[in-house]
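Residues per chain, in single letters:
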Amino acid sequence: MKLRPVSFSVAGTQLTLNAGSGTFSSGKLDKGTAILLRQFEQFPKDGVVLDLGCGWGPIGISLAKLNPGVRVWGVDINARSVELANSNSKDLGLANFQATLPTGLPADLQFDEIWSNPPIRIGKQALHELLSSYLKLLKQGGRAMLVVQKQLGAESLLRWLQEQNPSSKVSKRISEKGYWVIEVISSATNH
């Protein structure tokens, strides 16, 4: 696997992580991810957090680096991505980040928050199945922050999330440079 160092700043903290061939956004920080990371003031200070579709780790590692009180799980179906995210975390000496394939998550794990640049290009049905299966792992009052490109279906995803989670608060938190950050605050009746 060919590695490419990618440097970026979150909340004034400079990070350099290795991206690699065969992974999402293998040569640079994706625009949607950059927009989500600009929401650093919203990062949880403690609790258990999921980086859904973690790739080589920019979201989950940023969360873990800036907030040592959180326990971050990264999950991805791409074994190369999981390997790179764990390697990047180890290089930074982080003890509060771990990436795994979906089958590696503890069966009883629940999350206080989910932060994700979800894999929109897997198709609407697969995306809906993915989000449904992980959003149900949010604790009561838990929150998901999802960044989605407007032209790739942010509006329809927002509507679908509202329809599927009628007792949760689902809203567009921000709109920036053609991307939306959608916030889902879970209610007890979703589970």
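For the structure, see preceding data.
Given the structure is predicted, the values throughout are model-derived calculations rather than measurements.

**Here we look at the nonpolar core**
Next, step 1: Within the largest apolar cluster, 32 residues are counted, with the highest numbers of intra-cluster contacts made by Phe8, Trp56 and Trp115.
Next, step 2: Val48, Leu127, Tyr134 and Ile182 belong to the second-largest nonpolar core, a separate cluster that totals 27 residues.

**A few points about the pairing of strand 9 (residues 179–185)**
Next, step 1: Within strand 9, six of the seven residues are buried, which leaves it mostly tucked inside the rest of the structure.
Next, step 2: Taken together, the seven bridges between strand 8 (residues 169–176) and strand 9 define a ladder with antiparallel strand orientation. Residue pairing for strand 9: serine 171 is matched across the bridge by glutamate 183.
Next, step 3: Linkage of strand 8 to strand 9, two consecutive antiparallel strands, is achieved through a turn of two residues, within which lysine 177 is found at a positive phi near 50°.

**Describing the pattern of salt bridges**
Next, step 1: A full pass over the atoms with the stated rule returns six salt bridges.
Next, step 2: Across the pair arginine 173 and glutamate 183 runs a salt bridge, and its minimum N-O distance is 3.3 Å. Here arginine 173 is found in strand 8, whereas its partner glutamate 183 is found in strand 9, with ten residues between them in sequence.
Next, step 3: Taking the relative accessible area as the measure of exposure, arginine 173 reaches 32% and is therefore partly exposed.
Next, step 4: Residues participating in the shared-partner salt-bridge network are Glu113, Arg143, Arg173 and Glu183.

**A closer look at unusual backbone geometry**
Next, step 1: Here the phi dihedral of alanine 11 falls at roughly 55°; this positive angle occurs in a residue that is not glycine.
Next, step 2: Looking at the secondary structure, you find alanine 11 in the loop between strand 1 (3–10) and strand 2 (13–20).
Next, step 3: Even without glycine at this site, lysine 177 takes up a positive phi of about 50°.
Next, step 4: Tracing the chain through its elements places lysine 177 in the loop between strand 8 and strand 9.
Next, step 5: We classify lysine 177 as exposed; its relative accessible area is 69%.

How each quantity is defined
- Residues numbered from 1 in each chain as written.
- Predicted model: local features only at pLDDT ≥ 70, side-chain atom pairs only at ≥ 80, totals over all residues.
- Heavy atoms only, no water.
- Core = buried A, V, L, I, M, F, W, Y, C linked by side-chain atoms within 4.5 Å.
- Buried < 20%, exposed > 50% of the residue type's maximum accessible area, 1.4 Å probe, protein only.
- Helix = DSSP H or I, 4+ residues; strand = E, 2+ residues; numbered from the N terminus.
- Pairing = 2+ DSSP bridges.
- Salt bridge = Lys/Arg side-chain N within 4 Å of Asp/Glu carboxyl O.

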